Amino acid sequence: MTADQVADAHPAVAAGIRAIVGEYESGDSLEVLVAHDADRLECMLQGLEYLEQGYRNAREWVDSTRAKLKTPSAIALADAAQDMSSAEWQRTYLRQPGQG
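In what follows, the accompanying structure is described. In this text the structure is predicted, and so the values were computed from the model without any measurement.

### Some thoughts on the pattern of salt bridges
Logical step 1: Overall, the coordinates contain 3 salt bridges when judged by the stated rule.
Logical step 2: With its nearest N and O atoms 3.5 Å apart, the salt bridge here joins Arg40 to Asp37. Separated by 3 residues within a single helix, Arg40 and Asp37 lie in helix α3 (residues 30-52), roughly one turn from each other.
Logical step 3: Given a relative accessible area of 24%, Arg40 falls into the partly exposed group.

### Let's talk about the nonpolar core
Logical step 1: In this structure, Leu41, Met44, Leu45, Leu48, Val62, Leu69, Ala74, Ala78, Ala80, Ala81 and Trp89 together form the largest nonpolar core, which totals 11 residues.
Logical step 2: Listed by contribution, the elements that provide at least two residues to this core are α3 and α5 (72-82).
Logical step 3: Not counting residues within four places of it along the chain, the set of residues in contact with Met44 comprises Val62, Thr65, Arg66, Ala78, Ala81 and Gln82.

How each quantity is defined
- Residues numbered from 1 in each chain as written.
- Predicted model: local features only at pLDDT ≥ 70, side-chain atom pairs only at ≥ 80, totals over all residues.
- Heavy atoms only, no water.
- Salt bridge = Lys/Arg side-chain N within 4 Å of Asp/Glu carboxyl O.
- Helix = DSSP H or I, 4+ residues; strand = E, 2+ residues; numbered from the N terminus.
- Buried < 20%, exposed > 50% of the residue type's maximum accessible area, 1.4 Å probe, protein only.
- Core = buried A, V, L, I, M, F, W, Y, C linked by side-chain atoms within 4.5 Å.
- Contact = heavy atoms within 4.5 Å.

Shown next, in the form of structure tokens:
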């Protein structure tokens, strides 16, 4: 899929993008772990929002995604997210600089 997306790009740009995607898909650096945890955390937060809306089947999704987190910071954020509403989460963690 990446090859299709960069087919018309300059060869140097295409090679750089393929390298980054390859590292993300198979690497084990701290940066890759953090990127994967960020993706998982986003999915978990979406599942928590579904639970708030009454979709009980999202619980398994939330729990299985939470169990895949590896970094201490992602685990701490996941724990915090489970103890607050999505509105509280957004006010606490997504506020813009200068908004209090």
